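Residue-level structure breakdown
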Amino acid sequence: MATPPDSPIEEVVYELEPTRLPKPIPVALDDLCRQTKFTRQEIRVMYRGFKTECPEGVVHEECFKDIYAKFFPHGNSAVYAHYVFKAFDVNCNGAISFRDLLVTLSTLLRGSVYERLRWTFRLYDSNGDGCISRAELADIVAAVHELMGRRAHHHAEDERVARDQVDRVFRKLDLNQDGVITIEEFMESCLKDEVITRSLQMFDAPL
Amino acid sequence: MASVAAWLPFARAAAIGWVPIATHPLPPPPIPKDRRKSEDEKLLINVSGRRFETWRNTLEKYPDTLLGSNEREFFYDEDSGEYFFDRDPDIFRHILNYYRTGKLHYPKHECLTSYDEELAFFGILPDVIGDCCYEDYRDRKRENAERLMDDKLSDNDNQSLPQLTDLRQKMWRAFENPHTSTSALVFYYVTGFFIAVSVMANVVETVPCGHRPGRAGTLPCGERYKIVFFCLDTACVMIFTAEYLLRLFAAPDRCKFVRSVMSIIDVVAILPYYIGLGITDNDDVSGAFVTLRVFRVFRIFKFSRHSQGLRILGYTLKSCASELGFLVFSLAMAIIIFATVMFYAEKNETETNFTSIPAAFWYTIVTMTTLGYGDMVPGTIAGKIVGGVCSLSGVLVIALPVPVIVSNFSRIYHQNQRADKRKAQRKARLARIRIAKASSGAAFVSKKKAAEARLAAQESGIELDEGSREEDIFELQHHHLLRCLEKTTCPEYPYASHPCVQDREFVELDNPYNGAPKRPGSPSPLASPAHSSHSRAGLLQACCGRCCPQRYQQACGKYIPATSAVQSNQTGVGMDGTYLVEASF
């Protein structure tokens, strides 16, 4: 007996979900060891954690956001996690495989300052047009502030602080004051700034 | 947090994105003192022989549990290098899975209490049970709790028997539970009898017996034997009034009693009589008086105190109120609809019975309940069609809520049956357990005596023929403890006739060491006959074995062989009589 179309109670039919993605090609430990600058043991530990959280072998954005949220329990990490996910997802298919993750991590944690700055530029440039506009920078700054969490009564003050920060950074990075930051301007101004280069070198520490 | 420790490098990498917009320079990272933290090691957990292995990091995900904190070091076995737990391995599997996957599942085939105990042992709160299993867990926990509460309540009822001294409380208990004393039972049957008599009298009153003198028509028995029925009625009403007043006096909460259903029924049952006393045989109000007599039929509801089935029925109807309401409502709707249609269909028919819509109600009701008296019949074709549809729909509308009501009744009835059965089973089981405990307690006492006998024998240099047997150090220490207690409480140098010694015997036999007291006056536990006859002698030398060796000597020959039958694993001693606590304890 088929349910009539306007019955008050809907019948819920559970269909078995088809697998979301084709099974990813299993990665070989040796290949990864060669392609990245991590040791075998480090890769092993990271893969174990990866596989526990994502048994399918790829990270989807929701899962990514959950994991990131565990590190920042007080704030709202969804926005920043979204940007980071996009920056990690090199082939833009909505899922990060372990190989992609490891390769990017290798450039970030074991790479040179140039590579790190290049990745940061890609992170800020959300629409991928090759230059960072003021709006994009403001989005990133807002996302980072969201990580800290919102204070209930200091909303306006927080916004003012964020806006000041955006103004200051944009002024510093935009060398020719044309309203956008190209990658050359970005690299040049960051490398000239000692604070930034020293901070970047903090990430050289071992895992 | 440690569950995503492997993702920490990724989070740190993502933090590179903060660098260009940072207002202050970032702090340097911490330098780990040793590399051991990054290397994980596997721990071996042995639970009753089944070995589980896992990473240390997995266990330390939840540092507020036994396995995640250094509480597990208490269970570390140096010799085998593993953590040994003497617990259920099947349930431990689920607990370990909690560490591995972060979700705690509840296995449906396990007993809830044993599962709870394991969780409590390992320091895990049941709140972390996953959503998939939580409902089931909660439902079973609630069932268990209700059952325990029922048992406890019934226990309290039984145990409160000897403690009521207040007259009111005694009376109230007698009213509520007729089986508690003979007078209550008598009262119960008397009231039941009078209710039956009263109802029968009401019924028989209206039976015709004979003719009216000088007039047409039959004479009902009530008018022929007016005096008899009046006396009967008076007697019944007096009994009912007395009962009501007594209940009112004994009730612990009078206001609540007055508002309860049963007391209202009582009042309504006896009120017509008193009102009738006040009214004389006046034609004006005799009509009203006759109406009042109808209320006498409410006396039949007084039987519900006497019948549990009636009470269950009443309770069922109360609990199915919504279904009954639905039934009544839908019937009313259908009746109105069909009556209206019928009326308009039959309106133009000559000499029709369907003179108005309310008149058509009667036809609709009779048809829908499939009674079909035939006093009102449709004449037109349209009317007949409507009548057919009406009877078909009647069957459906009535059949729908009935199974719900029936299943409710069945559930409540069976619940009641189960409660009674459980009570009876529990009584039998407790009696058996008590007997078993008493016999084990007696066995312990005899073992203790034998140990002391051996000790005394050693001290006085008497040799035993039993060879050398080893004794359990714990048992020895336990016996020693009890002897210390005896020595503490027994005030003077014990002689056989000292009341302390004799009392001691009584106390020991009545209170087996596991604590359950026996009722005074009940027979001795099922000990071997030899033991019971020699226990007196045995106790004598328990206290004085060391002090009066000669007494022991004469009793020893009788004592030892008798009790050796009771003990199965006692061995001779090779000790020097000192009871130093060993370091292994």
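On a predicted model such as this, the values are computed, not experimentally measured, just so you know. (Residues numbered from 1 in each chain as written. Chains lettered and ligands numbered in written order. Predicted model: local features only at pLDDT ≥ 70, side-chain atom pairs only at ≥ 80, totals over all residues. Heavy atoms only, no water.)

**Notes on the overall build of chain A**
Stated formally: Under the DSSP-based scheme used, a helix requires at least four consecutive residues in state H or I and a strand at least two consecutive residues in state E, with every element numbered from the N terminus. In this scheme, a residue with accessible area under 20% of its type's maximum is buried, one over 50% is exposed, and one in between is partly exposed, where area comes from a 1.4 Å probe on protein chains only. Contacts are assigned to residue pairs that have any heavy atoms within 4.5 Å of one another. The Shrake-Rupley method, run with a 1.4 Å probe, gives the accessible areas here. Residue values count only the displayed protein chains as cover.
Looking only at helices and strands, chain A has 10 helices and 4 strands in total. When the helices and strands of chain A are read in sequence order from the N terminus, they spell out α-α-β-α-α-β-α-α-β-α-α-β-α-α. Here chain A, with 207 residues, has 38% of them falling under the buried criterion. Pairs at least 24 residues apart make up 60% of the contacts formed inside chain A by residues separated by at least 6 positions. Carbon together with sulfur atoms contributes 56% to the accessible area of chain A, which is approximately 12,400 Å² in total.

**Things to note about the packing of aromatic side chains**
Selection criterion: Paired rings are identified among Phe, Tyr and Trp, the last through its six-membered ring, by centres lying within 6.5 Å, and are further divided according to the angle between planes into stacked (under 30 degrees), edge-to-face (over 60) and tilted (the rest). Two thresholds decide whether a charge sits over a ring: the Lys NZ or Arg CZ must be within 6 Å of the ring centre and within 35 degrees of the ring normal.
Scanning the model with the defined rule gives 43 aromatic pairs over all chains in all. Among the aromatic residues, those joined into a ring-pair cluster are Phe64(A), Tyr68(A), Phe72(A), Tyr80(A), Phe85(A), Phe88(A), Trp119(A), Phe10(B) and Trp18(B). Stacked on the ring of Trp55(B), the Lys or Arg Lys42(B) has its end atom at 5.9 Å from the ring centre. Note that Arg87(B) overlies the ring of Phe121(B), its terminal NZ or CZ placed 4.0 Å from the centroid.

**Topic: unusual backbone geometry**
Positive phi, normally seen in glycine, also occurs at Gln177(A), with a value near 55 degrees. Gln177(A) gets classed as exposed once you look at its relative accessible area, which sits at 53%. For Ser48(B), which is not glycine, the phi torsion reads 50 degrees and is therefore positive. You can see Ser48(B) is positioned in the loop between strand S1 (42-47) and strand S2 (50-55). On the accessibility criterion, Ser48(B) (35% relative accessible area) is partly exposed.

**Looking at helix H9 (residues 183-192) of chain A**
Those residues of H9(A) lying buried are Glu185(A), Phe186(A), Met187(A), Ser189(A) and Cys190(A). Among the structural elements, helix H6 (113-124), strand S3 (131-133), helix H8 (155-173), strand S4 (180-182) and helix H10 (194-201) of chain A are those in contact with the buried residues of H9(A).

**A few points about the packing of helix H4 (residues 78-88) of chain A against helix H7 (residues 134-148) of chain A**
How two helices sit against one another is set out by the angle between their axes and by the gap between those axes. Residue and element names in this part refer to chain A. Stated formally: Geometry is summarised by axes, namely lines fitted to C-alpha atoms with helices restricted to the contacting stretch, and by angles between N-to-C directions that run from 0 to 180 degrees. Each angle receives one of four descriptions, namely roughly parallel if under 35 degrees, roughly antiparallel if over 145, roughly perpendicular if within 65 to 115, and oblique otherwise. Each residue is assigned to one of three groups, with Ala, Val, Leu, Ile, Met, Phe, Trp, Tyr, Cys and Pro labelled nonpolar, Asp, Glu, Lys and Arg labelled charged, and all others, Gly among them, labelled polar.
One can describe the packing of H4 onto H7 by two numbers: an axis separation of 7 Å at closest approach and a directional angle of 125 degrees. When the axes of H4 and H7 are compared, the pair comes out oblique. Across the interface between the two elements, Val79, Tyr80 and Tyr83 of H4 pack against Asp139, Ile140, Ala143, Val144, Glu146 and Leu147 of H7. Split by residue class, the contact of H4 with H7 holds 7 nonpolar, no polar and 2 charged.

**Considerations on a nonpolar patch on the surface**
Here is the rule we go by: The patch calculation keeps residues exceeding 30% relative accessible area without a salt bridge and links them within 9 Å when they carry like charges or within 5 Å when they are nonpolar (Val, Leu, Ile, Met, Phe, Trp, Tyr). Definition used for salt bridges: Asp or Glu carboxyl oxygen within 4 Å of a side-chain nitrogen of Lys or Arg.
On the surface, a cluster of nonpolar side chains totalling about 320 Å² of accessible area is made up of Met200(B), Val203(B), Val204(B) and Val207(B). Structurally, the position occupied by Met200(B) is in helix H7 (residues 182-205).

**What to know about the sheet that holds S1(B)**
Strand pairs in the sheet, formed through backbone hydrogen bonds, run parallel or antiparallel to each other. All names here are of chain B. Note the threshold: At least two bridges found by DSSP between two strands are what make those strands a pair.
Strands sit in the order S2-S1-S4-S3 across an open sheet of 4 strands; the sheet is mixed. Each of the sheet's edge strands pairs with one partner strand only, and the pair in question is S2 and strand S3 (76-77). Bridge analysis of S1 against strand S4 (residues 82-85) gives 3 bridges, and the strand direction is parallel. Bridging from a neighbouring strand, Asn46 pairs with Phe84 of S4.

**Focus: H7(B)**
The condition that has to hold: An expected span of 1.5 Å times one less than the residue number is assigned to each helix.
Here H7(B) spans 34 Å end to end across 24 residues, near enough to the 34 Å set by a 1.5 Å rise per residue. Looking only at H7(B), the buried set comprises Ala184(B), Tyr188(B), Thr191(B), Gly192(B), Ile195(B), Ser198(B), Val199(B), Ala201(B), Asn202(B) and Glu205(B).

**Remarks on the interface of chain B and chain A**
Going by this rule: For any pair of parts, buried area is found by adding up, for both, the accessible area (1.4 Å probe) each one loses once the two are put together. Each polar contact in these results corresponds to two N or O atoms within 3.5 Å; when the atoms are within protein, one needs to be able to donate a hydrogen and the other to accept it, and residues that are neighboring in sequence are counted only if both atoms are side-chain atoms.
Contact residues are listed per partner, giving 29 residues for chain B and 47 residues for chain A. Both sides of the chain B and chain A interface together cover about 3,400 Å² of buried area, and 75% of this is carbon and sulfur. There are 0 salt bridges connecting chain B and chain A. Linking chain B with chain A are 3 residue pairs in polar contact (both at pLDDT 80 or more), by the criterion used here. Partitioned by chemical class, the residues of the side of chain B that touches chain A number 22 nonpolar, 4 polar and 3 charged.

**Some details on the environment of Gly94(A)**
All names here are of chain A. Among the secondary structure elements, Gly94 is positioned in the loop between H4 and strand S2 (95-97). Take Gly94: its relative accessible area is 35%, and that puts it in the partly exposed class. Between the alpha carbons of Gly94 and Val59 there is a distance of 8.5 Å; along the sequence they are 35 residues apart. In contact with Gly94, other than residues within four places in its own chain, are Val59, His60, Glu61, Phe85 and Asp89.

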